[in-house]
Each structure stands twice: as C-alpha cells, then as structure tokens.
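Structural features, examined
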Amino acid sequence: MDDSDTKKFQKDLNGGLVSLVLLAVLDRSAEDLYGYEIAKRLASANDGAPIFKEGTIYPVLRALSAGGLLTSRIVPSYSGPPRRYYRITEEGRAVLAEWKAVWQSTRGFVDRFID
Amino acid sequence: MNRSAPRSIDQYLRQLREELAGEDPALIQDALYDAEEYLRAEVAAHPEKSEADILEIIASTYGAPDEVAAAYRDTEIKVKAAMTTPVRKRAESAAGRFFGVYSDPRAYTALFFMILSLATGIIYFTFTVVGLSVSAGLAVLVVGVPFFLLFIGIARVISLAEGRLIEAMTGVRMPRRPPHPGAPGGFWSRVAGMLTDRRTWSTLLYLVLMLPLGIAYFVIAVVGLTVSMSLIFAPLVGLADHIGILSTDQVHLSPEWIGALWALPFLFALGVLLLTTLMHVSRGIGRLHAGYAKALLVARG
C-alpha cells in the first residue's frame, strides 16, 4: 500500500470528523479555549502518528463559528496576535448530539464488517 | 511543492502567503492570522528551544504551508456552498429579469445598508476627524503618542466591524480576523510599521468618505422609496377623492391631469417601475460599495 494512498484515505475520512471532535472538545471544556490550546489537547490525546495536522483545525473552527455552532471572543495576548477564544453554543450542542448518534451508528456498522 | 522548509515564523508566513496567492485577500488575512497565533504560541511555550528548532517540527504538527493552504481552500469552498443562499433560477424574459430583483435578498439588504450608512457615516466621520485633530493637538505632549495609537487601534476594530456588516449585507467575503500585525520587533518598529502601512491611511480615508457616501446613499434610498411609494398609493387616494371619502380640493395639483381618474393606473405603473429600478440600483450600489470597501480596508497580498 502506497503511503500517499493511506494519507488520502485518512484525509477523506477526516472531512466531517474534525468538526465532530472540535465540538466534542469544546463541549467538555469548562472554560473557553483558543486555537492553539485545542490543537495541543488533540495532540496530547493522540500520541503516535497524528490523525490530522493541527493547522487544519483553524479553518474548521472558523467554519463552525460562521455556522453559529460556536461563538468566539478576542483576547489580547503577549506572545503574538490577539487570541480568539471559542465556546460552543446551544445550537452547537444540539448538532453535536445528532452528529454523535450518526458517528456511533456509522462506527457500529463499519465494525461489523472489519472486526 | 519542492522548496526549502521555513526556518523562521516570517519565512513560514511568507511561504503560506505564496501558497495562497490568487485566493481572496480576506481568506489570506485569516490564514496568516491563525498561523501566526499558533506559531507564536508554540515558540512561547518552548522557551528552551530556538525558533528554527521549533519550525523544524512544525511541518509534522501544524502542517507545512502547502497543506495548511489546501485546508483553507477546501474549507472555504464548503462554507461558501453551505452558507450562501442558493443561486436563483435566472428568469428568461426581460420582464422576468427586471422584476426578479424582488426575489433577491441582496437587494433588500443593500437598501437597508444604504439607509443605515448615514448613521454609520456620521459616527465614522466624527470619530476620525476628532481622533485626528486631537492627536495633532496632543502631538507635542507625551500623551499624544498613546492617544494616537489608541485612535488607530479603534479605527482598525471599526474597519473589521464594517467589513462584517458589508459581508452580511452583500455576501462579499471580508476578513473575519483583524489585520496581521506584521513582523515582530520592538514597540517602536511596530509603530513605524503601522504608520508606513498604506492600509492604516486608506482605512481612515474610508471612514471619512463614509459621510458623503452615506448621505448620498441615504438620499437615493429615501427619495426613491417615498416617491415610488406615493405613486403606487396615488390610485387609492385618487379613488377616495372621486368617491368622496377624502377631499383633495385644497391640494393644488400641477399639472392638472395628475388628479384625473384615467391617470391613476399610469401613476401606479410608474411607481412600480421606479421601485423596481431602485431595487436594482441598491443591489448595484451594494456590490460597488463592497468592492470599494475591500480595496480600502483589506490589505492586498
């Protein structure tokens, strides 16, 4: 199996999963998080080969925010440009619950064939 | 893409900008902003490592510039497809195209923007003129510098807010993040960078010009609406006059025939024609204004 084929398969899989994981992370977090913090939480949960590059979560965060699933506020930072902190909205929680159910049934379905 | 891996944050941002060349300037501004937030946070989190050491592993954590650029491009396409209202079926006939403007939400939002722009124009103009003149007055004192910087900072926030407003009204992509603060350095080099940045001055120019533009937009919108609406409702008044519910004897009409019964359908048709033209003009002004705002408020790559 070619390595680039594996990468492409992973990328196709990630399409909606990144959004699901980001919503789940923000749903569990007690406080608002900014992009770098979220990236680091995902990286620490996933030692070994990263499932997705941390740089790819930023555009997804923006997309979720534009869709009303997240809200954000800007806080000045000493280390660089002002940080944008994200928080999940009520609409985001409702969507997350639906997506969770979709993911669980998809996973169960796939597992029945490959286990 | 085969080129040397970036060795510093500036090099990384430059490569990312090159990878995104040709994309919407607002998208480039957002991507550079996000990348810089991450890279600077990463450098700050590892004070024991040099910037070059950190950049070495960036390709495997944050992603190489071409990967990140691809992620922004893909997401932008998806978001656009999900968020923009579906394209209306183009009406075939000329009349269909002319009256089709009523089913375009952009025409209504642009009309609303034109009415609102008098208020925003007054606020922007006052803010800019007061800010500039007080800054000039305080220039000889020590407090002049922080005051001027505060003024420029607020102007940038206003420019971002105005961009969001324009995107909501016209659907033209505007930045979702404040402008990239530029190369790092001491406080004074940042100040100098801000003063030599063409966009700082074009933003102030935009804010000042919003007053005359706002007045013009407001007049076009209000005059267009009142004249066309009064023509459209003229038949009601005319009929009421003829039936005798209402008397317009005291009203002097000139030319005389305007009050005649046979003229009423023509007045109504003229009003509808005028209102439809106003909708077209509003939509056009909305588009033109968005392009103009983009030229003055958003940095070109």
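The sections below set out a description of the structure shown in this document. This one's a predicted model, so the numbers in the text were calculated from it and none came from an experiment.

For the rest of this paragraph, the subject is the overall build of chain B. The helix and strand tally for chain B stands at 10 helices and zero strands. N-terminal to C-terminal, the α/β element order of chain B is α-α-α-α-α-α-α-α-α-α. Sorting the 301 residues of chain B into buried and exposed places 28% on the buried side. At a minimum sequence separation of 6, the contacts of chain B that also span at least 24 residues come to 75%.

With that out of the way, let us pick up the sheet that holds strand 1 (residues 33-34) of chain A. Residues and elements named next belong to chain A. Strand order in the open sheet made by the three strands is 1-3-2, with antiparallel pairing throughout. For this open sheet the edge positions go to strand 1 and strand 2 (70-75), each flanked by a neighbour on one side alone. Of the strand pairs in this sheet, strand 2 and strand 3 (residues 83-88) are connected by six bridges, and their pairing is antiparallel. Looking at the pairing, Ile74 lines up with Arg84 of strand 3.

Let's shift gears to the environment of Lys11(A). Residue and element names in this part refer to chain A. Mapped onto the elements, Lys11 comes out in helix 1 (residues 3-28). By the C-beta count within 10 Å, which is 16 here, Lys11 ends up partly exposed. Taking the C-alpha atoms as reference, Lys11 lies 8.7 Å from Ile51; in sequence the two are 40 residues apart.

It is worth spelling out the packing of helix 1 of chain A against helix 3 (residues 57-66) of chain A at this point. Each pair of packed helices can be summarised by the angle the axes make with each other and by the distance between the axes. Residues and elements named next belong to chain A. Relative to each other, helix 1 and helix 3 sit at 75°, their axes nearing to 10 Å. Judged by the angle between their axes, helix 1 and helix 3 are roughly perpendicular. Contacts between helix 1 and helix 3 involve Val18, Ser19, Leu22 and Leu23 on the former and, on the latter, Ile57, Val60, Leu61 and Leu64. Within the contact of helix 1 with helix 3, the residues separate by chemical class into seven nonpolar, one polar and no charged.

Counting residues at the interface gives 25 residues for chain B and 20 residues for chain A. Of all elements in the fold, only helix 2 (25-45), helix 3 (51-63) and helix 4 (65-83) of chain B reach the threshold of two or more residues within the side of chain B that touches chain A. Ranked by residues supplied to the side of chain B that touches chain A, first place goes to helix 2 of chain B with 10 residues. Each residue belonging to the side of chain B that touches chain A can be placed in one class, and the counts come to 14 nonpolar, three polar and eight charged.

Take the pairing of strand 3 of chain A next. Note: strand 1 of chain A against strand 3 of chain A, two bridges, orientation antiparallel. Each residue of the ladder has a partner; that of Leu33(A), found in strand 3 of chain A, is Tyr86(A).

Leu22(A), Leu16(B), Ala31(B) and Ala35(B) are the most contacted members of the largest nonpolar core, which has 68 residues in total. Top element by residues in this core is helix 2 of chain B. It accounts for 11 residues. Both domain 1 (9-83) and domain 2 (93-301) of chain B contribute no fewer than three residues apiece to this core. Once residues lying within four places of it in the same chain are set aside, the contact partners of Ala35(B) are Gly55(A), Tyr12(B), Leu13(B), Leu16(B) and Val68(B).

Here is what the cut-offs are and how they apply
Residues numbered from 1 in each chain as written. Chains lettered and ligands numbered in written order. Predicted model: local features only at pLDDT ≥ 70, side-chain atom pairs only at ≥ 80, totals over all residues. Helix = DSSP H or I, 4+ residues; strand = E, 2+ residues; numbered from the N terminus. Buried ≥ 20, exposed ≤ 12 C-beta atoms within 10 Å, placed from the backbone. Contact = placed C-beta atoms within 7 Å. Pairing = 2+ DSSP bridges. Axes fitted to C-alpha atoms, helices over the stretch in contact; angles between N-to-C directions. Parallel < 35°, antiparallel > 145°, perpendicular 65-115°, else oblique. Nonpolar A, V, L, I, M, F, W, Y, C, P; charged D, E, K, R; others polar. Core = buried A, V, L, I, M, F, W, Y, C linked by C-beta atoms within 7 Å. Domains from an automatic or database assignment.

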